[in-house]
Amino acid sequence: MTEPELIVHFTAADAARELRADARAGLTDRPKWLPPKWLYDARGSELFERITELPEYYQTRAEHGILSRHAVDVAELTGAGTLVELGSGSSEKTRLLLDALRKTATLRRFVPLDVSESALRQATAAIALDYPELLVRGIVGDFTTELAAVPAGSGRLVAFLGGTIGNFPPAERARFLAAVRAALRPGEWLLLGTDLVKDPDRLVRAYDDAQGVTAEFDRNVLRVLNRELGAGFDPDAFAHVARWDAEQEWIEMRLRASRAMRVPVDGLGLTVELAAGEEIRTEVSAKFRRSRVEGELADAGFELTRWWLDDPGDFALSLATAV
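Overview of the structure. Model, not experiment: these values are computed from the prediction.

1. Quick notes on the overall build of the protein
Across its full length, the protein holds nine helices and 14 strands. The dimensions of the protein, computed from C-alpha atoms along their principal axes, are 60 × 40 × 35 Å. Counting all 323 residues of the protein, 52% fall into the buried class. Nonlocal contacts in the protein, meaning residues at least 24 apart in sequence, comprise 72% of its contacts between residues at least 6 apart.

2. Concerning the sheet that holds strand 9 (residues 250-257)
Ordered in space as 2-12-9-8, the four strands form an open sheet in which the pairing is mixed. Looking at the sheet topology across the chains shown, the edges are occupied by strand 2 (32-33) and strand 8 (238-245). Alignment of strand 9 against strand 12 (residues 279-286), held across seven bridges, turns out to be antiparallel. Note that in strand 12 the partner of Arg256 across the bridge is Glu279. Strands in contact with helix 8 (residues 213-229) are strand 8, strand 9 and strand 12; relative to strand 9, the strand with the most contacts, it is inclined by about 65°.

3. A closer look at the packing of aromatic side chains
Under the counting rule described, the total for this entry stands at eleven aromatic pairs. Judged by centre distance (5.7 Å) and plane angle (70°), the ring pair of Tyr40 and Phe48 falls under edge-to-face. Given the relative accessible area of 34%, Tyr40 is considered partly exposed. With relative accessibility at 23%, the residue Phe48 sits in the partly exposed group. Feature note: the residues Tyr40, Phe48, Tyr57, Tyr207 and Phe217 constitute an aromatic cluster, connected by ring pairs. Here the basic side chain of Arg202 rests over the ring of Tyr58, its NZ or CZ set 4.7 Å away from the ring centre.

4. Overview of helix 5 (residues 117-130)
With 14 residues, helix 5 should cover 20 Å at 1.5 Å per step; its first-to-last C-alpha distance of 20 Å lies within 8% of that length. Looking only at helix 5, the buried set comprises Leu120, Ala123, Thr124, Ile127 and Ala128. All buried residues of helix 5 project into a common sector of 125° when viewed along the axis, lining one side. Every exposed residue of helix 5 that faces more than 90 degrees away from the buried side is listed here: Ser118, Gln122 and Leu129. Close packing links the buried residues of helix 5 with strand 1 (5-8), helix 4 (92-104), strand 4 (109-114) and strand 5 (135-140).

5. Thoughts on the environment of Ile51
With respect to the helices and strands, Ile51 occurs in helix 2 (residues 42-52). Relative accessible area serves as the criterion here: at 3%, Ile51 is assigned to the buried category. Sequence separation between Ile51 and Asp209 is 158 residues, and the spatial gap between their C-alpha atoms is 8.4 Å. Not counting residues up to four positions away in its chain, the partners in contact with Ile51 are Tyr57, Val213, Thr214 and Phe217.

The rules behind the values
Residues numbered from 1 in each chain as written. Predicted model: local features only at pLDDT ≥ 70, side-chain atom pairs only at ≥ 80, totals over all residues. Heavy atoms only, no water. Helix = DSSP H or I, 4+ residues; strand = E, 2+ residues; numbered from the N terminus. Buried < 20%, exposed > 50% of the residue type's maximum accessible area, 1.4 Å probe, protein only. Contact = heavy atoms within 4.5 Å. Pairing = 2+ DSSP bridges. Axes fitted to C-alpha atoms, helices over the stretch in contact; angles between N-to-C directions. Phe/Tyr/Trp six-rings, centres within 6.5 Å; stacked < 30°, edge-to-face > 60°. Lys NZ or Arg CZ within 6 Å of the ring centre and 35° of its normal. Expected span 1.5 Å × (residues − 1). Arc of directions from axis to C-beta.

See below:
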């Protein structure tokens, strides 16, 4: 087994600096907002894993089902020599791709890119142990800004799964897809998971489950601010709200203040004032139609090659070629 390599482009100091900047910008804006990435500390990641197992939350199961059927198709179509995964490199879905590419005997290198050094260190060690023939090179970095760090090679396949692309508003999504395209050569590949537009009531239930796990996940961002920035939020004083925006075709998650409050954020030298009923937006999750996916990929310089759905048509996996 070749020992995995870990390249650190994003340190704890970088994360602390970004959190301060994001919190100051979002909590002083009108309406208030916080980026969804700060939901995912260790506790938030545990809660999200629980969310993926809930009956209301279909996305993870749907994408897994598509990959179970079509990972070999992906391997045969791409003949990828390098698999680049944006996000966690330890999931079962990743292993479906690795196993399929192992069968085609083309894969030589696996490059997971994630902001969490500890999570990535564990993931790369596990992958290197189970796939000893691979060169494993983890990159600790924000995949929205560190794509240039992905090593050059022939036949690279970038996988961006889980519907995470929906967390980007349209302008950010366009910049991200353009950055992915700029990192690739013509003929290389992008595998993209997208959740699809469906019944709004069903979508809302997926983001506001009966057990309250998503509500606890949403409030976790306030605990992150309390711990990292010396803030004084009372998470229990905020209600979790999930709302469908029909015009934007996205779900919004918000935290609604149950009463008027003045919250110190000592790490920023700031006091945040909230009126009773005022909301902080913590996430958007866009839902897609094929025409939008195909159009946005084309605008970024990709050609849609394959479009695979799960049986109910809830979720899509797109394979696109850089042109």
